[in-house]
Amino acid sequence: MESVNTDALEWREYDHGDATFRRKQLSSAVGASDIGCSLYELPAGKQSWPYHYHTANEEALYVLAGTGLLRCADGEEPLTAGDYVTLPADERGGHRVVNDSEEPLRYLMVSTMNEPDVTIYPEMNKFGVFVGSPPGGRGERAFHGYYDPEADTDYWPE
């Protein structure tokens, strides 16, 4: 058994405009390979990763403190401390966490760590491919990249 206390981990800062948050990768700290878990903190008025869903990895969110919104396939759902939400590995699991309050929003994000995974970003009109290490994984990837789904190419060379 491996364990870690969150106080022993440094926050990793992400700042991409409205997508501004802090993250502690708990699973990586204990060497977990089949399940991912990260502690997130969103400042007031900020958002998490762009709206997306995974095709191979189910996720779950558990709110520890604060309030906010979950933008999901069915619209927006309020989030408050104690809420637990599952996000299936398909379009129904599309999500983005939004802190529309004046206080920080802190939550755990848990996921399976299957690879390969294709992550779809419908609002950005792109998808990501991850082979060798899933999204959120720290392992070396044999192949990964982000692509435009409209950039169709023929199977057979001309």
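All values reported here derive from a predicted model rather than from experimental measurement.

Participant: Describe the sheet that holds strand β6 (residues 67-72), listing the residues and the values that go with them.
Facilitator: Two strands in a sheet stick together by hydrogen bonds in their backbones, pointing the same way (parallel) or opposite ways (antiparallel). Read across the open sheet, the three strands follow the order β7-β6-β9; overall the sheet is antiparallel. The open sheet is flanked by β7 (75-80) and β9 (95-98), the only strands paired with a single partner. Within the sheet, the average angular offset between the axes of one strand and its neighbour, ignoring direction, is 25 degrees. Across six bridges, β6 lies against β7 in antiparallel orientation. Pairing of Thr67 across the sheet is with Thr80, part of β7.

Participant: Could you give me a rundown of the nonpolar core, with the residues and numbers involved?
Facilitator: The biggest cluster of nonpolar side chains holds 14 residues, and the ones touching the most others in it are Leu61, Val97 and Tyr107. If you tally residues by element for this core, the top one is strand β10 (residues 105-112), at three residues.

Participant: Requested: an account of a nonpolar patch on the surface, with residues and values cited.
Facilitator: A contiguous nonpolar patch, built from Tyr62, Leu64 and Tyr84 and spanning about 320 Å² of accessible area, is present on the exposed surface. Among the secondary structure elements, Leu64 is positioned in strand β5 (residues 59-65).

Participant: Give a detailed account of the pattern of salt bridges, specifying residues and quantitative values.
Facilitator: Taken as a whole and judged by the stated rule, the model has five salt bridges. The salt bridge involving Glu41 is made with Arg22; its shortest N-O contact spans 3.0 Å. Of the two residues, Glu41 is situated in strand β3 (residues 35-42) and Arg22 in strand β2 (residues 19-25); the sequence distance between them amounts to 19 residues. Owing to a relative accessible area of 15%, Glu41 belongs among the buried residues under this scheme. Across the salt bridge formed by Asp90 and Arg92, the nearest N and O atoms sit 2.7 Å from each other. Judged by its relative accessible area of 26%, Asp90 falls in the partly exposed class.

Participant: Pulling in residues and values, what's your account of the environment of Asp90?
Facilitator: With respect to the helices and strands, the residue Asp90 is situated in the loop between β8 (84-87) and β9. The spacing of Asp90 and His54 is 36 residues in sequence and 6.0 Å in space, taken between C-alpha atoms. Dropping the residues within four chain positions of it, Asp90 is found in contact with Tyr53 and His54. Within polar-contact distance, the side chain of Asp90 engages the side chain of Arg92 at 2.7 Å.

Each value, and the rule that gives it
- Residues numbered from 1 in each chain as written.
- Predicted model: local features only at pLDDT ≥ 70, side-chain atom pairs only at ≥ 80, totals over all residues.
- Heavy atoms only, no water.
- Pairing = 2+ DSSP bridges.
- Helix = DSSP H or I, 4+ residues; strand = E, 2+ residues; numbered from the N terminus.
- Axes fitted to C-alpha atoms, helices over the stretch in contact; angles between N-to-C directions.
- Core = buried A, V, L, I, M, F, W, Y, C linked by side-chain atoms within 4.5 Å.
- Buried < 20%, exposed > 50% of the residue type's maximum accessible area, 1.4 Å probe, protein only.
- Patch = residues over 30% accessible without salt bridge, like charges linked within 9 Å, V, L, I, M, F, W, Y side chains within 5 Å.
- Areas by Shrake-Rupley, 256 points an atom, 1.4 Å probe, with all protein chains shown as cover.
- Salt bridge = Lys/Arg side-chain N within 4 Å of Asp/Glu carboxyl O.
- Contact = heavy atoms within 4.5 Å.
- Polar contact = N/O pair within 3.5 Å; in protein donor to acceptor, adjacent residues only side chain to side chain.

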